[in-house]
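Chains, contacts and geometry: an overview
Single-letter residue listing:
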Amino acid sequence: MVHFTLYSRSYCHLCDDMLEALQALSSEYPFTVETVDVDSDETLVAQFDERVPVLFARRGDASAVELCNYFLNEARTREFLSGAR
């Protein structure tokens, strides 16, 4: 099973757009999504701040990989979901 972590902000329209675009793929692929508000943790603000939204993906217990930021890279996301990574 693929799990996505979307680092975002509550007042970020790009974050909303990326989540919506990702969820549109759920009819084709099984996955879960966790949304993390970077403003809830100073370490996350320091790491991601102006880069949000940032999408990470992992399969099972494997390490997470960064797929994209600002906008959903649909081709790369589909590649990951299909198991090509």
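Coordinates for the structure precede this section.
In this report, we go over the structure that sits alongside the text.

1. Some details on helix α1 (residues 13-23)
- Every buried residue belonging to α1 is among L14, C15, M18 and L22, and all of these are buried. Angular distribution of buried residues about the axis of α1 spans 100°; they occupy a single face of the element. For α1, the exposed residues lying more than 90 degrees away from the buried face are H13 and E20.
- Buried residues along α1 sit in contact with β1 (2-8), β2 (31-37), β3 (54-59), β4 (65-69) and α3 (74-81).

2. Some points on the pattern of salt bridges
- On inspection of all chains with the given rule, the structure shows five salt bridges.
- As a salt-bridge pair, D49 and R9 come within 2.8 Å of each other at their nearest N and O atoms. One end of the pair, D49, is in the loop between α2 (42-48) and β3; the other, R9, is in the loop between β1 and α1, and 40 residues separate them in sequence.
- A relative accessible area of 28% means that D49 is categorised as partly exposed.
- Residues E74 and R78 are paired through a salt bridge, measuring 2.8 Å at the closest nitrogen-oxygen approach. Here E74 and its partner R78 are both found in helix α3, four residues apart, which amounts to about one turn of the helix.
- Accessibility expressed as a relative area gives 39% for E74, which makes it partly exposed.
- When salt bridges with common partners are traced through the structure, they connect R9, D39 and D49 into a single cluster.

3. A short note on α3
- Taken residue by residue, α3 has T77, F80 and L81 as its buried positions. Projected onto a plane normal to the axis of α3, the buried residues spread over an arc of 100° and lie on a single side.
- Close packing links the buried residues of α3 with β1, α1, β2, β3 and β4.
- Looking at the residues trailing α3, positive phi occurs at G83, about 90°.

Criteria and cut-off values
- The residue numbering used here restarts from 1 in each chain and proceeds along that chain's sequence as written.
- A pLDDT threshold of at least 70 governs which residues receive local features in this predicted model, and a stricter bar of 80 or more applies before side-chain atom pairs are shown or counted, although totals over entire chains, interfaces and linings include all residues.
- The side-chain numbers reported here are obtained from all heavy atoms of the structure, hydrogens and water having been left aside.
- Exposure classes here rest on a 1.4 Å probe applied to the protein chains alone. A residue is buried below 20% of its type maximum, exposed above 50%, and partly exposed in between.
- In DSSP terms, a helix is any run of H or I states spanning at least four residues, a strand is any run of E spanning at least two, and both are numbered starting from the N terminus.
- The arc under discussion is defined with respect to the helix axis, by the directions toward the C-beta atoms.
- We call two residues in contact when some of their heavy atoms are within 4.5 Å.
- We count a salt bridge whenever a side-chain nitrogen from Lys or Arg sits within 4 Å of a carboxyl oxygen from Asp or Glu.

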